[in-house]
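Observations on the model geometry
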Amino acid sequence: MTKIIRNLCTALSCAAIGLFAVSCNDDKSNDLPEGTLYDIVTLVSNNDNGTVFEFQKEGDSPMITLTSTRRVDSEIFKTGDRMLIAYLPLASSYASGPIELEATGQVINGDIIEGKASDWNSFRTYDQYLTFISRSGQYINVRSELYVRSAPKTYSLVVDEATLDQEYPTAYIIFIPDNEMDATLHTGYASWDISKVWNLPTVKGLKIRLSNTNGDNEFTFKKDTPQIEPAE
């Protein structure tokens, strides 16, 4: 009997996950097996032989390759996409090897964008509630609570081009809703490729800021350091 891979979430409508990428303690997800892990990964291949995913757990930790005998929906997920998976390791946790794929979910994908403050409303954003942020190799992963009707008009990581010559360029998470009148609160995941800024020879790290009515928040990611350095 073929087991159906469940849809864990869409980019902005998903099962509530209590502890992102570690465990699930929400009652709505209790039907998943004990020990299920959640991670944002890159889809490497998806064919009749099964599916291959890759990701780094945090910072510059070693690349982990996961293999499943089950395919994912090729109408939704394309090779190279970042996506959210729920899975059971069949060997060691956070080590390369086979997995039992339990569920999949869409993630907002994209590259970091270069921009001017004058073109981005001084990098101000509509209200968003950031609940998780981390660097996974060349990617910045986030989990946020956003007010939208179906999907954001814009949800991007924009680096201030005036700071690109600095050791720590400054980037902003910009959110613009699709409809303010009928918006409801949704959980959203995003994974942005920062390599074109991160790999500049003069860059030692990246500052990421949120500027909205909830206040200003700043996170600093340093090369060769998995942890976030809190703002002073």
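Heads up: these notes are all about the structure in this document. (Residues numbered from 1 in each chain as written. Predicted model: local features only at pLDDT ≥ 70, side-chain atom pairs only at ≥ 80, totals over all residues. Heavy atoms only, no water.)

Secondary structure assignment for the protein yields 1 helix and 17 strands. Within the protein, the fraction of its 232 residues that count as buried is 46%. Sequence separation of at least 24 residues holds for 64% of the intrachain contacts in the protein that already meet a minimum separation of 6. (Helix = DSSP H or I, 4+ residues; strand = E, 2+ residues; numbered from the N terminus. Buried < 20%, exposed > 50% of the residue type's maximum accessible area, 1.4 Å probe, protein only. Contact = heavy atoms within 4.5 Å.)

In this structure the tally under the stated criterion is 6 salt bridges. For the salt bridge of Arg71 with Asp48, the shortest nitrogen-to-oxygen distance reads 3.0 Å. In this pair, Arg71 sits in the loop between strand E5 (63–68) and strand E6 (82–89) while Asp48 sits in the loop between strand E3 (37–47) and strand E4 (50–56), placing the two residues 23 residues apart along the sequence. Between Arg135 and Asp60 there is a salt bridge whose closest N-O contact spans 3.0 Å. (Salt bridge = Lys/Arg side-chain N within 4 Å of Asp/Glu carboxyl O.)

All right, on to the nonpolar core then. Within the largest apolar cluster, 23 residues are counted, with the highest numbers of intra-cluster contacts made by Ile140, Tyr155, Leu157 and Ile173. At the level of elements, strand E11 (139–148), strand E12 (154–160), strand E13 (170–176), strand E14 (184–193), helix H1 (195–198) and strand E15 (205–212) are the ones that each hand at least two residues to this core. When neighbours within four sequence positions are excluded, Leu157 is seen to be in contact with Asp111, Ile112, Ile113, Ile140, Ala171, Tyr172, Ile173, Trp192, Ile194 and Ile208. Formed by 14 residues, the second largest nonpolar core is a distinct cluster that contains Phe53, Ile64, Met83 and Leu101. (Core = buried A, V, L, I, M, F, W, Y, C linked by side-chain atoms within 4.5 Å.)

What follows deals with the environment of Ser61. Assignment of secondary structure puts Ser61 in the loop between E4 and E5. In this structure, the C-alpha to C-alpha distance between Ser61 and Ser136, residues 75 residues apart in sequence, is 8.1 Å. Of note is the side chain of Ser61, whose polar atom sits 3.3 Å from the backbone nitrogen of Lys57. A polar contact of 2.8 Å, which involves the side chain of Ser61, links it to the backbone oxygen of Glu58. (Polar contact = N/O pair within 3.5 Å; in protein donor to acceptor, adjacent residues only side chain to side chain.)

Tallied over the full model, the rule gives 4 aromatic pairs. For the ring pair Tyr155 and Phe175, a centre distance of 6.1 Å and an interplane angle of 85° mean the geometry is edge-to-face. Here Tyr155 is found in strand E12, whereas its partner Phe175 is found in strand E13, with 20 residues between them in sequence. Comparing Tyr155 with Phe175, the two get one shared label, buried. Both rings, one in Tyr155 and one in Trp192, keep their centres 5.3 Å apart while their planes meet at 55°; by these two values the pair is tilted. Separated by 37 residues along the polypeptide, Tyr155 in strand E12 and Trp192 in strand E14 bring together distant segments of the chain. Following the ring pairs from residue to residue traces out a cluster consisting of Tyr155, Phe175 and Trp192. Positioned above the aromatic ring of Tyr94, the side-chain terminus of Lys57 is 4.9 Å from the ring centre. (Phe/Tyr/Trp six-rings, centres within 6.5 Å; stacked < 30°, edge-to-face > 60°. Lys NZ or Arg CZ within 6 Å of the ring centre and 35° of its normal.)

With that settled, the discussion passes to the side chain of Glu145. For Glu145, the position within the fold is in strand E11. Within the structure, the side chain of Glu145 is placed 3.2 Å from the side chain of Thr187, a separation counted as a polar contact. If we ignore the near neighbours within four places in the chain, the residues touching Glu145 are Gln128, Tyr129, Thr131, Leu185, His186 and Thr187.

Turning our attention to the side chain of Thr42. By the secondary structure assignment, Thr42 is in strand E3. Excluding anything up to four places from it in sequence, Thr42 contacts Val52, Phe53, Glu54, Gly80, Asp81, Arg82 and Tyr139.

For the rest of this paragraph, the subject is the sheet that holds E11. Strand pairing in a sheet relies on backbone hydrogen bonds. The paired strands run either parallel or antiparallel. Spatial ordering of the open sheet is given by E8-E14-E11-E10, a layout of 4 strands whose pairing is mixed. Looking at the sheet topology across the chains shown, the edges are occupied by strand E8 (108–111) and strand E10 (128–136). Within the sheet, the average angular offset between the axes of one strand and its neighbour, ignoring direction, is 25°. In this sheet, E11 lies alongside E10 in antiparallel orientation, the contact comprising 8 bridges. If you follow Arg135 over to E11, its bridge partner there is Ile140. (Pairing = 2+ DSSP bridges. Axes fitted to C-alpha atoms, helices over the stretch in contact; angles between N-to-C directions.)

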